[in-house]
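Residue-level structure breakdown
In case you want the letters, here they are:
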Amino acid sequence: ESYDTFRTLFDKLLHLCCKASVGLKQPPVDEALEKVTDLQIDPFGKYAVSSRVTSRRNIQGFRFAPAIEHEERRRVESILVEALTALNEAGLEGVYFPLDPSSELASCRMTEEVEEELNRRGFLFGPPTSVARLSSGLGRHWPDARGVFAANSRDVLAWCNEEEHLC
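Treat the numbers as computed from the prediction; the structure is a model and nothing was measured.

So, on to helix α3 (residues 70–85). Between its first and last C-alpha atoms α3 spans 23 Å; for 16 residues at 1.5 Å apiece the expected length is 22 Å, and the two agree. Turning to α3, its buried residues number three or more, namely Glu72, Arg73, Val76, Glu77, Leu80, Val81 and Leu84. Elements in contact with the buried residues of α3: β1 (94–98), β2 (147–151) and β3 (157–160).

Structural data, given as structure tokens:
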């Protein structure tokens, strides 16, 4: 919707910056489950230590992170915590750890040991520090309504209200 509204401006910018042709269509998305493979990327375990797949989403009806109001951010957190903690498939069950220790939404309080583990694994995120991110508003109300959902297996995690509503 936003692209359509500002298409004239965006098309000119894309052409100037990227030499992209105006009117290019996004390639079709193919999410066919039968095309997913279980082929190991490093069958001998010599090179790949881990891999990470990232998806970022925002909830319809809420402003993006830089413009969101305090109570809206808390509502986003509440929606995500309810959805994530309701996951009950094998490997997806987990716990929500708010970054704000006074949050009422914690499935479980983050102990010092858990915090160290999540930090060591790169699962925690901190406040924005760059001028660009701070001036955009990403650090407002820090750390309120932000947290990490971690599956008990630690194979799946989700960040709440980092740069997007769900990362």
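This part takes up the sheet that holds β2. Strand order in this open sheet of 3 strands is β1-β2-β3, and the pairing throughout is antiparallel. Since the sheet does not close on itself, it has two edges, and those belong to β1 and β3, each with one partner. Within this sheet the neighbouring strands show an average axis-to-axis angle of 15 degrees, counted without direction. Across 4 bridges, the pairing between β2 and β3 is antiparallel. Looking at β3, one finds that Phe149 is bridged to Ala158.

What counts and how
- Residues numbered from 1 in each chain as written.
- Predicted model: local features only at pLDDT ≥ 70, side-chain atom pairs only at ≥ 80, totals over all residues.
- Heavy atoms only, no water.
- Helix = DSSP H or I, 4+ residues; strand = E, 2+ residues; numbered from the N terminus.
- Expected span 1.5 Å × (residues − 1).
- Buried < 20%, exposed > 50% of the residue type's maximum accessible area, 1.4 Å probe, protein only.
- Contact = heavy atoms within 4.5 Å.
- Pairing = 2+ DSSP bridges.
- Axes fitted to C-alpha atoms, helices over the stretch in contact; angles between N-to-C directions.

None of this, on its own, says anything about what the molecule does.
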